[in-house]
Amino acid sequence: QVNLVESGGGLVQFGGSLRLSCVASGSFSKINAMEWYRQAPGEQRELVAHITSGGSTYYVDIVKDRFIISRDNSKNTVYLQMNSLKPEDTAVYYCKAKVERGGSDEYEFWGQGTQVTVSA
């Protein structure tokens, strides 16, 4: 089993910043891509940012230039630095990891989510 635990969410004012963390633990040999998703009430879960094991990144347009995804492979941790937050960023944020468990197959695991609320 692989566990992902997010932290760092909370309530912040418009224009503020938060830094989310997600730590992976359990049985795996390698973590490949790590991603952040979010889900607002009544909406579908959507990809926010993606980072490969080598550090290449991708962002959806609505967070580009405001959010920064990074990772520390020595700590099995992915981060999401969120700046210039807007009320529309309010959502539960989830991390997802794609891992290998000794073979070439890749498995996906999700965290439980952390709430981010941005007040106007």
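Presented here is an overview of the structure given in this document. Nothing here was measured: the structure is a model prediction, and the numbers come from that model. (Residues numbered from 1 in each chain as written. Predicted model: local features only at pLDDT ≥ 70, side-chain atom pairs only at ≥ 80, totals over all residues. Heavy atoms only, no water.)

Quick notes on the overall build of the protein chain
And then number 1: Each helix and strand counted, the protein chain has 0 helices and 11 strands in total.
And then number 2: Along the protein chain, helices (α) and strands (β) appear in the sequence β-β-β-β-β-β-β-β-β-β-β when read from the amino end.
And then number 3: With 120 residues in all, the protein chain has 42% of them scored as buried.
And then number 4: Taking contacts inside the protein chain between residues at least 6 apart in sequence as the whole, the part at least 24 apart equals 55%.
And then number 5: Accessible surface for the protein chain amounts to roughly 6300 Å². Of this, 45% is attributable to carbon and sulfur atoms. (Helix = DSSP H or I, 4+ residues; strand = E, 2+ residues; numbered from the N terminus. Buried < 20%, exposed > 50% of the residue type's maximum accessible area, 1.4 Å probe, protein only. Contact = heavy atoms within 4.5 Å. Areas by Shrake-Rupley, 256 points an atom, 1.4 Å probe, with all protein chains shown as cover.)

Some points on the environment of Glu-88
And then number 1: Summarising the element assignment, Glu-88 is placed in the loop between strand 8 (77-82) and strand 9 (91-100).
And then number 2: According to the relative accessible area criterion, Glu-88 is exposed, its value standing at 55%.
And then number 3: As a C-alpha pair, Glu-88 and Asp-65 span 23 residues in sequence and 16 Å in three-dimensional space.

Let's talk about the environment of Asn-32
And then number 1: As for its position among the elements, Asn-32 is in strand 4 (residues 30-39).
And then number 2: Distance in space between the C-alpha atoms of Asn-32 and Gly-54 is 8.6 Å, their sequence separation being 22 residues.
And then number 3: Contacts of Asn-32, omitting those with residues within four sequence positions, involve Ile-51, Thr-52, Ser-53, Arg-71, Lys-98, Val-99, Glu-100 and Glu-106.
And then number 4: Polar contacts involving the side chain of Asn-32 include one to the side chain of Glu-106, which spans 2.8 Å. (Polar contact = N/O pair within 3.5 Å; in protein donor to acceptor, adjacent residues only side chain to side chain.)

As for the nonpolar core
And then number 1: With 31 residues, the main nonpolar core has Trp-36, Leu-80, Met-82 and Tyr-93 as its most contacted residues.
And then number 2: Among the elements of the structure, strand 1 (2-7), strand 3 (18-26), strand 4, strand 5 (46-51), strand 7 (67-72), strand 8, strand 9 and strand 11 (114-119) are those that each provide at least two residues to this core.
And then number 3: The contact partners of Leu-80, leaving out residues within four places of it in the chain, are Leu-18, Arg-19, Leu-20, Trp-36, Val-48, Ala-49, Phe-67, Ile-68, Ile-69 and Tyr-93. (Core = buried A, V, L, I, M, F, W, Y, C linked by side-chain atoms within 4.5 Å.)

A word on the sheet that holds strand 8
And then number 1: With antiparallel pairing, the 4 strands of this open sheet are ordered in space as 1-3-8-7. The outermost strands of the open sheet, each flanked by one partner alone, are strand 1 and strand 7. Pairs of neighbouring strands in the sheet enclose a mean axial angle of 15°, with direction left out of account.
And then number 2: Where strand 1 and strand 3 come together, 6 bridges link them in antiparallel fashion. Note on strand 3: the bridge partner recorded for Glu-6 is Cys-22. (Pairing = 2+ DSSP bridges. Axes fitted to C-alpha atoms, helices over the stretch in contact; angles between N-to-C directions.)

Looking at the pattern of salt bridges
And then number 1: Throughout the structure, instances matching the rule amount to 6 salt bridges.
And then number 2: In this structure, Glu-35 and Lys-96 form a salt bridge, with 3.4 Å as the shortest nitrogen-oxygen distance. Highlighted residues: Glu-35 in strand 4 and Lys-96 in strand 9, separated in sequence by 61 residues.
And then number 3: Of the residues examined, Glu-35 reaches a relative accessible area of 5% and is grouped as buried.
And then number 4: On the basis of relative accessibility, which here comes to 6%, the residue Lys-96 falls in the buried class.
And then number 5: Across the salt bridge formed by Glu-108 and Lys-96, the nearest N and O atoms sit 3.5 Å from each other. Of the two residues, Glu-108 is situated in strand 10 (residues 106-110) and Lys-96 in strand 9; the sequence distance between them amounts to 12 residues.
And then number 6: Overall, Glu-108 belongs to the partly exposed group, its relative accessible area being 45%.
And then number 7: Sharing partners across several salt bridges, the network here consists of Arg-38, Glu-46, Arg-66 and Asp-89. (Salt bridge = Lys/Arg side-chain N within 4 Å of Asp/Glu carboxyl O.)

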